[in-house]
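Coordinate inspection notes
The lines below spell out each chain.
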There are 2 protein chains.
Amino acid sequence: MNGLKTSRCLSLSVMLLKRSGNIQVKVTGVKRLSTAEAPATLTKENDKTRVLTMETLNPQVKAVEYAVRGPIVIKAGEIERELLQGMKKPFSEVIKANIGDAHAMGQQPITFLRQVVALCTCPELLDSPVFPEDAKARARRILQGCGGNSLGSYSASQGLDCIREDVAMYMEQRDGGVPADPNNIYLTSGASDGISTILKLLVAGEGLSRTGVMIPIPQYPLYSAAISELDAVQVNYYLDEDNCWAMDVNELHRALSTARKYCNPRVLCIINPGNPTGQVQSRKCIEEVIHFAYKENLFLLSDEVYQDNVYSPDCKFHSFKKVLCEMGPEYFNNVELASFHSTSKGYTGECGYRGGYMEVINLEQEVRAQMMKLLSVRLCPPVSGQVAMDVVVNPPRSGEQSCEQFTKEKKSILSNLAERAKLTEEILNTVPGIRCNPVQGAMYAFPRIFIPPKAIEEAKVLGMAPDMLYCLRLLEETGICVVPGSGFGQKEGTYHFRMTILPSSEKLKLLLEKVKDFHVKFLQRYAALDAMSR
Amino acid sequence: MNGLKTSRCLSLSVMLLKRSGNIQVKVTGVKRLSTAEAPATLTKENDKTRVLTMETLNPQVKAVEYAVRGPIVIKAGEIERELLQGMKKPFSEVIKANIGDAHAMGQQPITFLRQVVALCTCPELLDSPVFPEDAKARARRILQGCGGNSLGSYSASQGLDCIREDVAMYMEQRDGGVPADPNNIYLTSGASDGISTILKLLVAGEGLSRTGVMIPIPQYPLYSAAISELDAVQVNYYLDEDNCWAMDVNELHRALSTARKYCNPRVLCIINPGNPTGQVQSRKCIEEVIHFAYKENLFLLSDEVYQDNVYSPDCKFHSFKKVLCEMGPEYFNNVELASFHSTSKGYTGECGYRGGYMEVINLEQEVRAQMMKLLSVRLCPPVSGQVAMDVVVNPPRSGEQSCEQFTKEKKSILSNLAERAKLTEEILNTVPGIRCNPVQGAMYAFPRIFIPPKAIEEAKVLGMAPDMLYCLRLLEETGICVVPGSGFGQKEGTYHFRMTILPSSEKLKLLLEKVKDFHVKFLQRYAALDAMSR
């Protein structure tokens with residue numbers, strides 16, 4: 001494979017630079033390919049001025065940051081390549097606990113989901129006795145909704161009608177009968193796509209009237225990235241770490257009134273269950289937040305992609321939509337709410353399919369037409385992702401052939417996750433200098449880590465955030481890849497990292513023990529240095 | 001299905017408005033759902049001020065237009081619903097010739113492509129004797145490249161390594177050995193996604209230094225839509241209708257020097273083979289265009305999604321990359337070029353998979369890192385679309401089990417398209433007042449239509465473009481849905497429509513005869529009115 005050869009010719013060296021508080025990646029020393037077949041034309045003789053340089057690049061792109069696949073992950077890739085090349089390391093593999101990618105960590109797909117997708121892909125399989133009838137029935141119904149009965153035709157930009165109907169039914173059941181209108185449902189390419197679309201509509205104004213978007217800190221960095229890209233104003237409200245990362249309406253008031261001095265806050269984003277923080281919001285808290293949004297005239301964005309990932313027996317997922325309805329017509333008919341779901345999380349973990357949906361309620365009809373126009377430019381979300389989404393909202397029902405296996409698989413995945421959530425919290429809390437809130441839901445722990453002053457100083461000298469130094473050292477010494485808290489935002493002077501709870505229990509225990517050892521050594525090393533410098 | 005019920009409750013009435021030259025859609029009279037289950041809370045009692053209104057909407061979103069799924073298509077959907085409800089019309093079905101959606105028009109999927117995707121979806125099928133070994137080998141290789149050997153894990157943001165290697169090999173073979181580096185290849189979610197990403201990087205500046213993007217007129221409206229959304233400046237260069245829609249360097253010079261008075265033109269977009277115009281660029285013309293871009297320091301965007309759709313025996317597809325290389329190192333090492341391909345067109349027509357790739361050459365390394373960061377925010381392109389893309393660039397080879405069937409299917413689809421291209425041109429040119437250039441490639445005819453002055457006047461009164469009036473009448477009277485030329489841009493005073501050549505030859509003949517009858521009647525009607533008003 002010539003391609004492989006050229007790809008190996010490339011040597012990337014990544015330098016981490018810190019400029020005005022932002023971690024940036026500088027890639028240097030990339031050699032041009034030099035395969036035997038390459039003609040002389042490939043030697044760069046003289047460099048003409050480029051059109052696209054760092055100076056001429058869109059400044060809004062420059063401002064974007066995304067830690068989940070940032071410098072630490074690039075470094076992890078490098079180390080993996082070095083291991084492949086036989087380089088000696090104190091570990092034999094890189095464990096990627098940086099991203100909520102369940103299948104990559106060994107989770108098996110839900111059989112029924114893949115069966116329905118395969119049947120839609122190769123309709124000849126509809127005649128095969130290997131596939132169960134309930135999967136075939138779903139596939140037939142979906143194919144009937146596709147142009148030319150093919151997954152290969154564009155769907156409506158809003159998504160296939162029959163799948164939007166299934167989403168609406170799912171939401172009605174989930175929310176105890178609160179009505180859902182398929183016309184308010186839009187299938188998306190993962191939740192990120194939907195969130196970006198809604199934010200794009202809401203961004204307007206200059207100077208004091210520039211749109212402010214309230215986001216939790218810590219947040220999932222899609223939000224800050226989208227805000228940068230759209231040139232909106234990020235308005236931080238802090239989650240209460242001492243209170244299990246709860247949302248606090250007083251803090252919302254503080255953040256809002258501060259922000260009103262320099263922008264026009266119009267949007268309030270909530271992630272429930274929390275990413276990276278793992279809390280599950282109480283019903284009372286949701287009611288307070290909705291009341292706040294109603295009073296302050298804010299558009300609500302509720303990121304509910306972890307709605308199936310609730311582990312603590314004391315916690316329950318409440319959708320914003322349901323609470324909104326229960327608060328009465330004055331709220332339910334007026335508060336503008338977009339909520340998001342995805343195939344990537346839950347018990348399916350189908351990230352690669354890029355399936356998702358959003359429901360948008362109380363959207364003005366003319367604005368709705370504008371959104372449809374915007375969606376139509378991108379033609380449609382991937383249709384196989386739409387099919388995967390359908391199985392999430394329309395799983396085998398009691399009495400159907402696949403129900404037993406499906407239920408078994410689902411329960412097994414979710415109970416494993418619950419076990420790992422507990423395990424992670426417990427082991428981390430045995431480490432001196434690490435404190436971890438209960439992982440009530442979602443897929444991550446976000447422990448607070450004590451970083452000795454001397455390490456903080458060293459990080460400063462190296463031009464990186466202290467928890468970036470911590471995570472880099474952790475990666476280099478143990479092969480464990482986690483993301484520094486600075487990539488998600490945190491109260492000044494506090495440090496964290498985000499790790500997924502996705503590795504198998506066995507691997508997770510090993511990983512956590514390694515973290516423990518590393519942390520203790522890290523403390524010792526810098527305490528010793530502290531002592532020496534005194 | 002409650003969902004279905006509520007969806008039928010909705011009555012949409014679409015008004016077409018023309019404001020300052022832009023067709024806009026106004027959706028009015030949408031009733032809220034009123035199912036038996038809906039609680040009283042659903043009755044809107046008092047309207048609180050909304051956060052998101054037409055006044056507060058992002059003005060860049062408002063500025064976006066996209067004709068291919070615009071008002072005429074919404075109207076077509078309405079008519080389809082009316083037909084379903086049993087309403088009497090002068091036709092029994094709506095024929096959607098508005099969008100290049102091959103499978104929706106009955107084209108069958110390439111068997112091998114679907115087999116590979118299905119095998120990746122359900123790896124248990126790898127044991128089935130029903131599937132050929134070459135498809136299994138490809139599926140195994142791709143799954144080995146996926147995290148956890150699952151399509152459900154995120155791929156690298158740039159796309160799976162092994163597929164990018166296949167793309168590079170495909171390009172090298174296509175371009176007679178011109179080297180392609182997998183590191184310069186990015187898998188995308190259809191070509192539109194890649195084009196938007198590159199344009200996003202290139203947009204910067206205010207006032208006179210605002211980025212200008214040169215696009216052909218007529219153009220595929222993704223370009224104008226992306227330019228509006230990004231708040232860049234659209235710089236039109238006109239294709240020469242009298243010369244088979246050829247690109248003319250003198251016209252490029254004219255457009256550029258005019259544009260330099262009010263913006264900073266930095267990008268030149270080419271669509272080859274042309275959409276909506278169907279021309280295939282000559283090698284000589286491409287060389288001239290590259291020389292122009294080199295001299296004028298423009299970033300080249302070459303949209304080559306129809307590279308497999310060339311029908312005229314006198315025409316051949318030349319990639320910009322190949323010609324660039326042949327022009328020598330001064331060009332090949334300096335001109336910044338992004339080119340695009342897709343699974344949606346060609347002979348596969350797999351639009352729903354949202355598969356595509358772009359190759360970007362001579363991109364500064366720091367800018368490349370910025371682009372990677374931007375791509376990583378969206379995590380990855382849909383993995384099953386990546387698999388579909390792999391089959392396009394890595395089809396069964398001579399001696400492989402599936403080669404014969406694959407070649408037969410491919411040839412059949414392409415020869416059918418060639419036949420329809422010829423048929424369309426020929427029949428349209430028999431109509432008085434319609435003139436159609438040869439459809440050398442791509443999937444559309446873009447005939448010029450004569451619209452009588454009285455019809456133009458009527459359109460003015462109705463506040464719509466004359467060819468919009470024409471297309472609306474065509475739709476209402478015959479059920480044929482085509483897109484007015486005004487949605488793509490055209491020389492002032494000329495009128496066109498775009499229709500696909502995708503319906504089966506039989507249906508296409510019928511369609512073209514209907515267009516012919518309609519056009520003759522249209523001329524007669526307005527000529528008569530002309531006479532009456534004299």
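Sequence order sets the numbering: in each chain, residues are counted from 1 along the sequence as written. To label them, take the chains in the order written and letter them from A, then take the ligands in the order written and number them from 1. Only residues with pLDDT of at least 70 get local features here, since the model is predicted, and only at 80 or more are side-chain atom pairs given and counted; chain-wide, interface and lining totals rely on the full set of residues. The side-chain figures draw on all heavy atoms in the structure; neither hydrogens nor water molecules are used.

Considerations on the overall build of chain A
To qualify as a helix, a DSSP run of H or I must reach at least 4 residues; to qualify as a strand, a run of E must reach at least 2; elements of each kind are numbered from the N terminus. Looking only at helices and strands, chain A has 18 helices and 16 strands in total. Relative accessibility decides the category of a residue: with a 1.4 Å probe and only protein chains considered, values under 20% of the type maximum give buried, values over 50% give exposed, and everything between is partly exposed. Residue burial in chain A is summarised as follows: out of 534 residues, 64% are buried. Only heavy atoms enter the contact rule, under which two residues are in contact if any of them lie within 4.5 Å. Of the contacts made within chain A by residues no fewer than 6 positions apart, 70% connect residues no fewer than 24 positions apart. Just so you have it, chain A exposes about 19,400 Å², and 51% of that area is on carbon and sulfur atoms. Only the protein chains shown count as cover for residues, with accessible areas throughout obtained via the Shrake-Rupley method and a probe of 1.4 Å.

A few points about the UniProt feature "domain: Aminotransferase class I/classII large" (unreviewed entry) in chain A
UniProt positions are given in the numbering used here, feature names are shortened, and annotations may be inferred rather than shown by experiment. When the UniProt feature table is mapped to this numbering, "domain: Aminotransferase class I/classII large" (unreviewed entry) covers residues 148-514 of chain A. Within residues 148-514 of chain A, the helical portion is 42% and the strand portion 15%, while the C-alpha atoms at the span's ends are 55 Å from each other.

Observations regarding the packing of aromatic side chains
Only rings of Phe, Tyr and Trp enter the pairing, Trp through its six-membered ring, and a pair is recorded when the two centres are within 6.5 Å. The plane angle decides the type: under 30 degrees is stacked, over 60 is edge-to-face, the rest tilted. Per the counting criterion, the structure on display carries 20 aromatic pairs over all chains. The interplanar angle of 75° and the centroid separation of 5.0 Å between the aromatic rings of A:Y470 and A:F522 together place this pair among those described as edge-to-face. Here the residue A:Y470 occupies a position in helix α17 (residues 466-478), and A:F522 occupies one in helix α18 (residues 505-533), the gap between them amounting to 52 residues. Judged by centre distance (4.7 Å) and plane angle (55°), the rings of B:F522 and B:Y526 are tilted. With B:F522 and B:Y526 both in helix α18 (residues 505-533) and four residues apart, this pair spans about one turn of that helix. Pairwise contacts between aromatic rings join A:Y470, A:F497, A:F518, A:F522 and A:Y526 into one cluster. Lysine and arginine charges are scored as sitting over a ring when NZ or CZ, respectively, is within 6 Å of the ring centre and within 35 degrees of the ring normal. Here the guanidinium or amino end of A:R498 rests over the ring plane of A:Y444, the centre of that ring lying 3.9 Å away.

Remarks on the interface of chain B and chain A
Facing the 124 residues of chain B at the interface are 123 residues of chain A. The buried area of a pairing is the accessible area, by a 1.4 Å probe, that goes missing from both parts when the two are put together, added over both. Here chain B and chain A share an interface that buries about 10,900 Å² over both sides, 57% of which is from carbon and sulfur atoms. For this document, the term salt bridge refers to a Lys or Arg side-chain nitrogen within 4 Å of an Asp or Glu carboxyl oxygen. Among the salt bridges present, the one from A:K200 reaches B:E229, with a minimum N-O distance of 2.4 Å. For the purposes of these results, a polar contact is taken to be a pair of N or O atoms within 3.5 Å, where, inside protein, one atom must be able to donate a hydrogen and its partner to accept one; residues adjacent in sequence count only when each atom of the pair is a side-chain atom. Counting across the interface, chain B meets chain A through 47 residue pairs in polar contact (both at pLDDT 80 or more).

A look at the side chain of A:R114
Note on placement: A:R114 falls in helix α4 (residues 111-121). Within the structure, the side chain of A:R114 is placed 2.8 Å from the side chain of B:S150, a separation counted as a polar contact.

As for the sheet that holds strand β15 (residues 483-484) of chain A
Residue and element names in this part refer to chain A. For two strands to pair, DSSP has to find at least two bridges joining them. Read across the open sheet, the three strands follow the order β12-β16-β15; overall the sheet is antiparallel. At either margin of the open sheet sits one strand with a lone partner, and together these are β12 (444-445) and β15. Pairing between β12 and strand β16 (residues 497-500): two bridges, direction antiparallel. Considered in β16, the bridge of Y444 is made with T500.

Considerations on the relation of the copies chain B and chain A
When chain B is brought onto chain A, the operation consists of a screw motion whose angular component is 180° and whose axial shift is 0.0 Å, with 0.0 Å RMSD remaining. This pairing of chains is accounted for by a two-fold axis. Minimal C-alpha distance to the rotation axis in chain B is attained by B:A118, lying at 2.5 Å. A shared binding surface is used by both copies, with 99% of the interface residues of chain B retained as interface residues in chain A. All copies are superposed by least squares; the fitting set is the C-alpha atoms of residues with a pLDDT of at least 70 in both.

Some details on the pairing of strand β9 (residues 337-342) of chain B
All names here are of chain B. Taking burial as the measure, the six residues of β9 include six buried ones, the bulk of the element. Burial along β9 is two-sided: L337, S339 and H341 facing one way and A338, F340 and S342 facing the other are all buried. Where strand β8 (residues 299-303) and β9 come together, four bridges link them in parallel fashion. Looking at β9, one finds that L301 is bridged to A338. Note that β9 and strand β10 (residues 356-361) share six bridges and pair antiparallel. Considered in β10, the bridge of H341 is made with Y357.

Notes on the sheet that holds strand β16 (residues 497-500) of chain B
The antiparallel open sheet is built from three strands, whose spatial order is β12-β16-β15 (chain B). Only two strands of the sheet have a single partner each, and these edge strands are β12 (444-445) and β15 (483-484) of chain B.

Observations concerning helix α3 (residues 71-84) of chain B
One full turn of an α-helix is made of 3.6 residues, so residues set three or four places apart face in the same direction. All names here are of chain B. A helix is expected to span 1.5 Å for every residue after the first. With 14 residues, α3 should cover 20 Å at 1.5 Å per step; its first-to-last C-alpha distance of 20 Å lies within 8% of that length. For α3, the set of buried residues is P71, I72, V73, A76, G77, E78, I79, E82 and L83. G86, located one to two residues past α3, shows a positive phi value of around 90°.

Digging into the environment of A:L512
All names here are of chain A. Position of L512 among the secondary structure elements: in helix α18. Classification of L512 by relative accessible area gives buried; the value is 1%. Residues L512 and T424, 88 residues apart in the sequence, show an inter-C-alpha distance of 7.2 Å. Other than its neighbours up to four places away in sequence, L512 contacts L423, T424, I427, L428 and M499.

Looking at unusual backbone geometry
In this structure, A:P218 follows A:I217 across a cis peptide bond, with omega equal to 0°. You can see A:P218 is positioned in the loop between β5 (211-217) and α8 (222-230). In this chain, B:N275 is followed by B:P276 through a cis amide linkage whose omega measures 10°. Of note, B:P276 is situated in the loop between β7 (264-271) and α10 (283-296). Of note in the backbone geometry, A:N297 takes a positive phi value of approximately 55° without being a glycine. Along the chain, A:N297 falls in the loop between α10 (283-296) and β8 (299-303). Assessed through its relative accessible area of 30%, A:N297 is described here as partly exposed.

Describing the confidence of the model for chain A
All names here are of chain A. Averaged over all residues, the pLDDT of chain A equals 89, while 90% of them reach at least 70. When the criterion is pLDDT under 50, residues 1-45 qualifies, and its contacts beyond four places in sequence or with other chains add up to 86 contacts. We note a pTM of 0.89 for the whole complex and an ipTM of 0.88 for its interfaces. Scored from 0 to 100, pLDDT reflects the predictor's confidence in each residue.

As for the pairing of strand β6 (residues 233-238) of chain A
Residues and elements named next belong to chain A. Side-chain alternation along β6 places V233, V235 and Y237 on a buried face and Q234, N236 and Y238 on a face that remains uncovered. Of the strand pairs in this sheet, β5 and β6 are connected by six bridges, and their pairing is parallel. Among the inter-strand pairings, I215 is bridged to a residue of β6, identified as N236. Handedness of the β-α-β unit built from β5, α8 and β6 comes out right-handed. For the handedness criterion, the strands are oriented away from the viewer, and a crossover whose path from the first strand over the helix to the second runs clockwise is classed as right-handed.

Focus: the side chain of A:N184
Tracing the sequence through the fold places A:N184 in the loop between α6 (161-174) and β4 (185-188). The class of A:N184 is buried, set by a relative accessible area of 15%.

Quick word on the pattern of salt bridges
All names here are of chain A. Counted by the stated rule, this structure contains 54 salt bridges over all chains. With a closest N to O distance of 2.8 Å, E350 and R114 form a salt bridge. Of this pair, E350 sits in the loop between β9 (337-342) and β10 (356-361) while R114 is found in helix α4, placing the two residues 236 residues apart along the sequence. Residue E350 shares its accessibility class with R114, and that shared class is buried. Between E359 and K321 there is a salt bridge, with its nearest N and O atoms 2.8 Å apart. Note that E359 is positioned in strand β10 and K321 in helix α11 (residues 320-326), a separation of 38 residues in sequence. The pair E359 / K321 is uniform in exposure class, with both members buried. Ionic contacts of the salt-bridge type, sharing partners, join the residues R283, E287, K322 and E326 into one network.

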